[in-house]
Amino acid sequence: MTFAPCLLAAALAACSSGSGSREPGRLAEPTPRLVVVLCVDQLIPEQLERLAPWLDGGLGRFVNQGRSFRAAALDYSRSETGPGHATLGSGLLPRHHGISANGMLDREAGELVECTTDPTVLTLAPGGVLTEPVAGGSSACNLLREGLAEHLRARWPASRAVSIAGKPRAAILLAGRAPRWALWWDRRAGGFTSSSAYGERLPDWVLAWNAGWAATASGRDWECSFKGDLDGSGTAPDERAGEAIIGAGVTFPRVAPRLPLEPQAIEFQRLAGFVSATPLLDRFVIDLALEAIASQELGADADVDLLALGLSACDKIGHRAGPYSREVTDTVLRLDDELGRLFALLDERLGPAGWIAALASDHGVMELPEALVERGVATRRLHVNETRRALAAAREALGERYAGLFFGLRSGGDGLILDEKQTSAAGVDLAEVRELARDAYLAAADYVEDGYTFDELASSGPPRDAFETLARNCFRPEHEVDIVLRFKPWIVRDCRFGTDHGSPYPYDRRIVLSFLGPGFVAGTSWERASPTDLVPTLLERLGLPAPADLDGSALD
Ligand SMILES: [Zn+2]
């Protein structure tokens, strides 16, 4: 870690008194009382560069005063939200923390399951539409290792941790297995909710906030906050080919539902859905974060607390309109304001030296395919019928080789799945079946570059190429598909509008990674950096030892 030279005198004083320094030559800072971890879903580094002149809020503070790692990228293949948040929150690769994909195959049941689904817990009632808990919910049940909240609590047993996000997997996985509360926006019930993994009933400060959101959102149309003064920002014209509908159309304003005097449940749900599709989602996360800081007294004493926030609007809007759309530009500018509001409150309550923050994203994203075609990039949208044809060819090849046997080959996640019970009952070599299916599929699918069998990914032998290394870093034997497909670059699967991420290519693996606060020297590093470095960097800043087996290391 690099320390601010202006703090040299104070640090030397600490060294000479024999306390505060962690190792010779290292200068110590006072320990902050609150750590804020921000994950902006789908925020690509270019957003902060192209919009830098207009960022004067919280994002602007990271740009101008933060220590930013401009070459940060995922060092694993599945550029998805679940693995991204779990990696940032644990300092470990997916193969070690266990969240290998958003939808993970339960090999026992043969089904793909959302990575935070937990049938043993209840979803708590946020009030309003839903006043009683309902069966089935979300938890960190699949997270195998400790996260930042647990590291803090090991050193400061009274440390408090609260995690709030627009999506359950973001809130749950960013703060690890033991936040006091993980809270997420529930678009069906309206309001922030949680599960019985964290408590039997939502705390009063959440219920009180939930009682007021609808009045704030009702009739709050989404207007574009800038009017033609963003020349040179790289924002594309509105109404581009390939944009998907947000609200009721592809242009501003997006008209918000208006609640009648005596609203029905369906009207609340429509409004909650509107919140979920617009920058109101981030605003509400920040609103609730301010409540958490006040009611939980985060940072109020010497036990270091954690506030983890998942800002999901950039992803939800970016998927539909593309990363260079007016919609995403507006979302980033509004988030800058919201984070400015948060940081002003932290400065006021804790003092500028009382808190540190990390800003990261969980994955990148691809530009709209239609816009890339205009630039001469060979890209296209893959139709589900194409994958059906390749699947049929692979089944036919299996049928010819293993006459009379049926392996139940199907698409799932980013690959192909075999019915394991049938293959083992048939007494055949499963590795051979996988190889044959992979080769036949590749021969029939011009949109796939390569495929890696379960057995190749499980092997400790030399990888075939760099992509196999990235795929091995996501390998969990109990959750892996039988054949992981590497699609060709710039292929968007199964969506007629909007764009996507999830590939192992650099455009999906680039992320934002930046640290702010006393002890972090402003500037940009182009050294290699990984999302696994976030936790060890923060631990080092706090003077805490990092577990020896973390995949990341403290950044300078
Ligand atoms: Zn994401």
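Rules of the game
- Here the residue numbering is sequential within each chain, running from 1 through the sequence in written order.
- Totals for whole chains, interfaces and linings use all residues, but because this is a predicted model, local features are given only for residues with pLDDT of at least 70 and pairs of side-chain atoms are given and counted only at 80 or more.
- Values shown for side chains rest on all heavy atoms present in the structure; no hydrogens or waters enter the calculation.
- Put simply, DSSP marks the helices as runs of H or I at least four residues long and the strands as runs of E at least two long, and each gets a number from the N terminus on.
- As defined in this context, the radius of gyration uses C-alpha atoms, and a globule is described by 2.2 Å times the residue total to the power 0.38.
- Only protein chains enter the calculation, and the probe is 1.4 Å; a residue is then buried if its accessible area is under 20% of its type maximum, exposed if over 50%, and partly exposed in between.
- What makes a salt bridge here is a side-chain nitrogen of Lys or Arg within 4 Å of a carboxyl oxygen of Asp or Glu, nothing more.
- In this document the domain limits rely on a domain assignment from an automatic tool or a database.
- A contact between two residues is defined here by any heavy atoms of the two lying within 4.5 Å.
- Buried area is understood as the total, over both parts, of accessible area removed when two parts are fitted together, assessed with a 1.4 Å probe.
- Only N, O and S atoms count as donors, using a 2.8 Å limit from the metal and a wider 3.2 Å limit for Na, K and Ca, and since water is excluded some coordination spheres may look unfilled.
- In this description, strands pair whenever DSSP reports at least two bridges between them.
- Every axis in this analysis is a line fitted to C-alpha atoms, fitted for helices over the stretch in contact. Angles between the N-to-C directions lie between 0 and 180 degrees.
- Here roughly perpendicular refers to angles of 65 to 115 degrees, roughly parallel to angles under 35, roughly antiparallel to angles over 145, and oblique to all remaining angles.
- Residues are grouped as follows: Ala, Val, Leu, Ile, Met, Phe, Trp, Tyr, Cys and Pro are nonpolar; Asp, Glu, Lys and Arg are charged; every other residue, Gly included, is polar.
- Here a Phe, Tyr or Trp ring, Trp counted by its six-membered ring, pairs with any other such ring whose centre lies within 6.5 Å, and the pair is stacked when the planes are under 30 degrees apart, edge-to-face when over 60, and tilted otherwise.
- Charge-over-ring placement is defined geometrically: NZ (Lys) or CZ (Arg) within 6 Å of the ring centre, and within 35 degrees of the ring normal.

## Some words on the overall build of the protein
Scanning the protein for helices and strands turns up 21 helices and 19 strands. Radius of gyration (C-alpha) of the protein: 24 Å, near the 24 Å computed for a compact globule of 556 residues. Along the three orthogonal principal directions, the C-alpha set of the protein runs to about 75 × 65 × 50 Å. Residue burial in the protein is summarised as follows: out of 556 residues, 56% are buried.

## Some details on the pattern of salt bridges
One pass over the structure, following the stated rule, counts 37 salt bridges. Between Arg 78 and Asp 414 there is a salt bridge, and its shortest N-O distance comes to 2.8 Å. Here Asp 414 lies in the loop between strand S13 (410-412) and strand S14 (415-417) and Arg 78 lies in the loop between strand S2 (67-69) and helix H4 (81-90), a separation of 336 residues in the sequence. For the pair Arg 78 and Asp 414, one class covers both residues: buried. For Arg 201, the salt bridge is made with Asp 204, and the minimal N-O distance between the two is 3.0 Å. Both residues of the pair, Arg 201 and Asp 204, belong to the exposed class.

## Topic: the domain arrangement of the protein
How big an interface is tends to be stated in terms of accessible area lost as the parts join. Segmenting the protein into domains produces domain 1 (31-371 + 505-541) and domain 2 (380-489). Centre-to-centre separation of domain 1 and domain 2, based on C-alpha positions: 34 Å. Each partner contributes residues to the interface: domain 1 has 26 residues there, and domain 2 has 30 residues. Of all residues in domain 1, Arg 78, Arg 107 and Tyr 505 give up the largest surface area on contact with domain 2, accounting jointly for 35% of the area buried on that side. Where domain 1 meets domain 2, there are four salt bridges.

## A word on the coordination of the zinc ion
Taken together, Asp 41 (OD), Thr 81 (OG1), Asp 362 (OD) and His 363 (NE2) make up the full set of protein donors to the zinc ion, lying 2.0 to 2.1 Å away. Look at Asp 41 and you get buried, because its relative accessible area is 1%.

## Here's the deal with the sheet that holds strand S15 (residues 448-453)
Across the sheet, which stays open at both edges, the four strands sit in the order S13-S14-S16-S15 with antiparallel pairing between neighbours. Unpaired on one side and paired on the other, S13 and S15 mark the two borders of the sheet. Sheet twist, expressed as the mean angle between neighbouring strand axes with direction ignored, is 30°. Each of S14, S15 and strand S16 (483-487) touches helix H17 (residues 430-444); the most contacted strand, S15, lies at about 175° to it.

## Some details on the packing of helix H3 (residues 58-65) against helix H13 (residues 326-350)
As a packed pair, H3 and H13 sit with axes 5 Å apart at the nearest point and diverge in direction by 80°. Put simply, H3 runs roughly perpendicular to H13. Residues Gly 58, Leu 59, Gly 60, Arg 61 and Phe 62 of H3 lie in contact with H13, whose contacting residues are Val 332, Leu 335, Asp 336, Leu 339, Gly 340, Phe 343 and Asp 347. Residues of the contact of H3 with H13, tallied by class, amount to six nonpolar, three polar and three charged.

## Some remarks on the environment of Leu 544
As for its position among the elements, Leu 544 is in the segment after helix H21 (534-541). For Leu 544 and Ala 154, which are 390 residues apart along the polypeptide, the C-alpha to C-alpha distance reads 9.8 Å. Sequence-distant contacts of Leu 544, that is, excluding residues within four places in its chain, are made with His 151, Leu 152, Arg 155, Trp 156 and Leu 539.

## Considering the packing of aromatic side chains
Think of a pair of aromatic rings as described by two things: how far the centres are apart, and how the planes are tilted against each other in angle. Applying the stated criterion to the full structure yields 18 aromatic pairs. Ring geometry for Tyr 402 versus Phe 407: centroids 5.2 Å apart, planes at 85°, classification edge-to-face. A single burial state applies to Tyr 402 and to Phe 407, both of which are buried. Taken together, the ring pairs in this structure connect Trp 185, Phe 192, Trp 209, Trp 213, Phe 268 and Phe 284 into an aromatic cluster. Over the face of the ring belonging to Phe 252 we find Arg 254, whose NZ or CZ atom lies 5.1 Å from the ring centre. The lysine or arginine in question, Arg 486, covers the ring of Phe 467, its NZ or CZ lying 3.8 Å from the ring centre.

## A short note on the packing of helix H11 (residues 280-295) against H13
At their nearest, the axes of H11 and H13 sit 10 Å apart, and the two run at 10° to each other. In terms of axis orientation, H11 runs roughly parallel to H13. Touching Asp 282, Arg 283, Ile 286, Asp 287, Leu 290, Ile 293 and Ala 294 of H11 are Thr 331, Leu 335, Glu 338, Leu 339, Arg 341, Leu 342, Leu 345, Leu 346 and Arg 349, all from H13. The residue makeup of the contact of H11 with H13, split by class, is nine nonpolar, one polar and six charged.

## As for the sheet that holds strand S11 (residues 355-360)
Read from one edge of the open sheet, nine strands run S9-S8-S7-S10-S1-S11-S18-S2-S19, paired in mixed fashion. Each edge of the sheet is formed by a strand with only one pairing partner; in this case those strands are strand S9 (192-193) and strand S19 (523-525). Bridging between S2 and S19 involves three bridges; their strand directions are parallel. Across the sheet, Ser 68 pairs through a bridge with Thr 524, a residue of S19.

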